Amino acid sequence: MIGPMMDAWYPVALESRLGTNGRSTRLMDTPLHVARLNGGAIEIRTEDGRALPVRLRYGHVWTSLGAPTTDLFDIPEADQPGRRLVEVGVVRVRCSPLRAVENFLDIAHFPFVHTDILGAEPHTEVEKYEVEIREKEDEVWATQVKFYQPQAAKSASTGITTDYMYRVPAPTCSVLYKTCPARPGEWDVITLFVQPLAEDLCDVWPWMALFDDESPMTDLIHFQQMIFLQDRSILENQIPRLLPLDPGMEIPTRADLTSVAYRRWLKRHNYTYGAQLVAQ
Amino acid sequence: MKLYDYILSPSCYKIRLMASLLGVPLTLRPVDFHPGEEHLTPEFLALNPAGTLPILADGGLLLTETSAMLVHLATSAGPDWLARHDPQAAASEQQWLSFAHRLTASLGGARLCDMFQRPGDLASLQRQGIMALRELEVRLFEQRLRQQAFLASDRPTIADIACFPHVVLAPDGGISLDPYPSIRLWQRSIRGLPGFIEMPGIYRRHELSEEPDPDAANETAEQV
Ligand SMILES: N[C@@H](CCC(=O)N[C@@H](CS)C(=O)NCC(=O)O)C(=O)O
Ligand SMILES: [Fe+2]
């Protein structure tokens, strides 16, 4: 059952790669077609002809199956002059869309999954940080996250301690902010936009807004693809495939606090498409 | 030598791996294969009308087939990697070098289709991939009975490098490697070679972190 996730916004295509053939895809088991009309405009229809809302933002085409009560979430940094906007491209993953987001929020996996890039042994300790559900924005935030990284970005040549902030503004989207090696005082923005195809299948569209005047665009894309493919093999092997939403099943460690908050927030809103609800 | 390269491509990795095993330095030119499809731009089609990666340029030589690149690398820097010592091994090497193209088409095709949404008939590609894996399993099993750990000989040749990447990455295309014990032993031998390098999804052998494996005792006898 789709429930209230019906009314959220989801990415369904990369605007720059949407040709005249359009893209036939799915959103939460509903087949739909993203069309590029003759004048260049974009139209989205379900198989039975119902027109869906369209937003063009952050390089992607967004839509919703229901009646969104808010507009697509804002990432103010996207409009900041001087940033390189990186369209990483779609990667299909056989996992729950909620699990894809949860993995993105988990820093503790860096040394084990992204060895010698985003983390390295013996630097596996996660220091204390802050997690909250911001009521006004209705978003999950983790701040003051610090982690030692051998190669934090394409533009980093030595290991540094990196500051992170994580944000969940929509059930299947996450935005992370991290220390920007090229521009101290600013944050690099790395997002994970997840298109749920089925409860255990998703198309993932990573996107970034970086300060980096040196690296060729292709290198920026490849760095992020390489990292995400390391996550993909983990995600496809998680058991159970759906995200358990029973708090009784978790043994929270410090690194998991963001995940705990994310699950709590999902549960509060009844965002359960891709979740496994355990009888209490 | 200049390699037009995509970091997530098993075919490009074949050449990076071979060069590393031989100690040959490569100049890499990253190509935006996904999502940009740079390999299909006029500039690239002029280099390689087939619109595939990798492309290897060495002086006046421009190669677009990985088997030719492997031959070129081994001939110039590591003749031990060519099975020239006896006619049977030499013929087997050619056999499995050509067979590797079937793996690229089937397992590689399934992976592109499944992972990057490239057009294709996933179920049919998976079926062809499984048929090819079964053939490879039989060959490697028979080789072991002859005390030979590799496809053409008792030591690795370019044919092993040609087949290795797409096999290891088969699970990316939704194809399990669990049913193939001989393939497992073979790829572990390759992952332990001196000069071995990694790509996402293909890792160096770490003895201690390997899962316990009932065949492990056999394998120690086969290390190169
Ligand atoms: N596409 C990336 C986007 C997400 C991502 O990269 N997450 C973490 C690793 S899970 C990451 O790359 N963080 C960015 C960084 O630390 O550079 C992914 O899921 O891995
Ligand atoms: Fe990760």
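Conventions adopted
Residues numbered from 1 in each chain as written. Chains lettered and ligands numbered in written order. Predicted model: local features only at pLDDT ≥ 70, side-chain atom pairs only at ≥ 80, totals over all residues. Heavy atoms only, no water. Axes fitted to C-alpha atoms, helices over the stretch in contact; angles between N-to-C directions. Helix = DSSP H or I, 4+ residues; strand = E, 2+ residues; numbered from the N terminus. Left-handed = near helix turned anticlockwise from the far one by under 90°. Contact = heavy atoms within 4.5 Å. Core = buried A, V, L, I, M, F, W, Y, C linked by side-chain atoms within 4.5 Å. Buried < 20%, exposed > 50% of the residue type's maximum accessible area, 1.4 Å probe, protein only. Donors = N, O, S within 2.8 Å, 3.2 Å for Na, K, Ca; no water. Salt bridge = Lys/Arg side-chain N within 4 Å of Asp/Glu carboxyl O. Domains from an automatic or database assignment. Buried area = accessible area lost by both parts, 1.4 Å probe. Polar contact = N/O pair within 3.5 Å; in protein donor to acceptor, adjacent residues only side chain to side chain. Nonpolar A, V, L, I, M, F, W, Y, C, P; charged D, E, K, R; others polar. pLDDT = per-residue confidence, 0-100. Pairing = 2+ DSSP bridges. Right-handed = clockwise from strand over helix to strand, strands pointing away.

Here we take up the packing of helix 4 (residues 87–116) of chain B against helix 5 (residues 122–145) of chain B. Residues and elements named next belong to chain B. Where helix 4 contacts helix 5, the two axes come as close as 8 Å, and the packing angle between them is 150°. Where helix 4 crosses over helix 5, the handedness of that crossing is left-handed. Packed against helix 4, whose contacting residues are Ser 92, Trp 96, Phe 99, Arg 102, Leu 103, Ala 105, Ser 106, Leu 107, Gly 109, Ala 110, Cys 113 and Asp 114, the element helix 5 presents Leu 122, Leu 125, Gln 126, Gln 128, Gly 129, Ala 132, Leu 133, Glu 135, Leu 136 and Arg 139 at the interface.

On to the nonpolar core. As a rule of thumb, nonpolar side chains are buried together in soluble globular proteins. Of all hydrophobic cores here, the largest spans 79 residues; its most connected members are Val 34, Val 93, Tyr 166, Tyr 262, Trp 265 and Leu 266 of chain A together with Leu 53 of chain B. Counting 52 residues, the second largest nonpolar core, distinct from the first, contains Ile 15, Leu 22, Trp 81 and Ala 170 of chain B.

So, about the coordination of the iron ion (ligand 2). Residues and elements named next belong to chain A. Protein coordination of the iron ion (ligand 2) is provided by His 109 (NE2), His 114 (NE2), Asp 231 (OD) and Asp 231 (OD), with donor distances spanning 1.9 to 2.6 Å. Each donor residue of the iron ion (ligand 2) belongs to the same chain, with the gaps between them written as H-x4-H-x116-D. Taken as a pair, His 114 in the loop between helix 2 (110–113) and strand 10 (130–134) and Asp 231 in helix 3 (residues 217–235) lie far apart in primary sequence, 117 residues in all. You'll find His 114 and Asp 231 in the same group, each marked buried.

Time to look at the pattern of salt bridges. Throughout the structure, instances matching the rule amount to 25 salt bridges over all chains. Among the salt bridges present, the one from Arg 17 of chain A reaches Glu 37 of chain B, with a minimum N-O distance of 2.9 Å. With Arg 17 of chain A in the loop between strand 1 (10–14) and strand 2 (23–27) and Glu 37 of chain B in the loop between strand 2 (27–30) and helix 2 (42–47), this pair bridges two chains. Accessibility expressed as a relative area gives 38% for Arg 17 of chain A, which makes it partly exposed. As a salt-bridge pair, Glu 135 of chain B and Arg 102 of chain B come within 3.0 Å of each other at their nearest N and O atoms. Here Arg 102 of chain B lies in helix 4 and Glu 135 of chain B lies in helix 5, a separation of 33 residues in the sequence.

Residues and elements named next belong to chain A. Per the domain assignment, the segments making up chain A are domain 1 (3–63) and domain 2 (87–276). Here domain 1 and domain 2 have C-alpha centroids that lie 25 Å from each other. With 19 residues of domain 1 at the contact, the number on the domain 2 side is 23 residues. When residues of domain 1 are sorted by the area they lose upon contact with domain 2, Met 5, Pro 11 and Arg 26 head the list and together hold 30% of the total. Where domain 1 meets domain 2, there are 1 salt bridge. Our count for the contact surface shared by domain 1 and domain 2 stands at 9 residue pairs in polar contact (both at pLDDT 80 or more). Secondary structure elements with two or more residues in the side of domain 1 that touches domain 2: strand 1, strand 2 and strand 7 (60–63). Counting residues per element, the side of domain 1 that touches domain 2 draws most heavily on strand 1, at 5 residues. Class assignment of the residues belonging to the side of domain 1 that touches domain 2 gives a composition of 12 nonpolar, 4 polar and 3 charged.

This part takes up the confidence of the model for chain B. Mean pLDDT over chain B: 92, with 92% of residues reaching 70 or higher. Per-residue pLDDT stays below 50 along residues 212–224 of chain B; that stretch engages in 20 contacts with residues further than four places along the chain or on separate chains.

This paragraph deals with the sheet that holds strand 2 of chain B. All names here are of chain B. Here 4 strands make up an open sheet; going across it, the order is 2-1-3-4 and the pairing mixed. With partners counted over all chains shown, the strands left at the sheet margins are strand 2 and strand 4 (61–63), one partner each. Across the sheet, the mean angle from the axis of one strand to that of its neighbour is 15°, orientation sign disregarded. Two strands pair when backbone bridges link them, and strand 1 (residues 2–5) and strand 3 (residues 55–58) are joined in this way by 3 bridges, in the antiparallel orientation. Within strand 3, the residue paired with Lys 2 across the bridge is Ala 57.

This part is about the pairing of strand 1 of chain B. The side chains of a regular strand alternate between the sheet's two faces. Residues and elements named next belong to chain B. Two elements, strand 1 and strand 2, share 4 bridges in a ladder whose sense is parallel. Bridge pairing in strand 2 places Lys 2 opposite Thr 27. Remark: the strand 1/helix 1 (residues 10–22)/strand 2 crossover connection has right-handed handedness.

Right, let's get into the side chain of Thr 63 of chain A. Residue and element names in this part refer to chain A. Looking at the element boundaries, Thr 63 is found in strand 7. Look at Thr 63 and you get buried, because its relative accessible area is 0%. At 2.6 Å, the side chain of Thr 63 and the backbone oxygen of Pro 53 are in polar contact.

Attention now goes to helix 6 (residues 158–168) of chain B. Residues and elements named next belong to chain B. Buried residues dominate helix 6, accounting for 11 of its 11 residues. Listed as buried for helix 6 are Ile 158, Ala 159, Asp 160, Ile 161, Ala 162, Cys 163, Phe 164, Pro 165, His 166, Val 167 and Val 168. Contacts from the buried residues of helix 6 go to helix 1, helix 3 (66–77), helix 4, helix 5 and helix 7 (181–191).

The next point concerns the sheet that holds strand 1 of chain A. The strands that make up a sheet are held in pairs by hydrogen bonds between backbone atoms, and each pair lies either parallel or antiparallel. Residue and element names in this part refer to chain A. Across the sheet, which stays open at both edges, the 3 strands sit in the order 1-7-6 with antiparallel pairing between neighbours. Two strands close off the open sheet at either side, each with one partner strand: strand 1 and strand 6 (55–57). The sheet shows a mean angle of 35° between the axes of neighbouring strands, direction not considered. Taken together, the 4 bridges between strand 1 and strand 7 define a ladder with antiparallel strand orientation. When the sheet's bridge partners are listed, Ala 13 is paired in strand 7 with Val 61.

Further remarks concern the interface of chain A and chain B. Contact with chain A, which involves 21 residues of that partner, is made by 24 residues of chain B. Area buried by chain A at its contact with chain B is led by Arg 17, His 222 and Leu 229 of chain A, which between them contribute 30% of it. The tally of links from chain A across to chain B stands at 4 salt bridges. At the surface where chain A touches chain B, the tally comes to 11 residue pairs in polar contact (both at pLDDT 80 or more). Those elements that place two or more of their residues in the side of chain A that touches chain B are strand 9 (91–93) and helix 3 of chain A.

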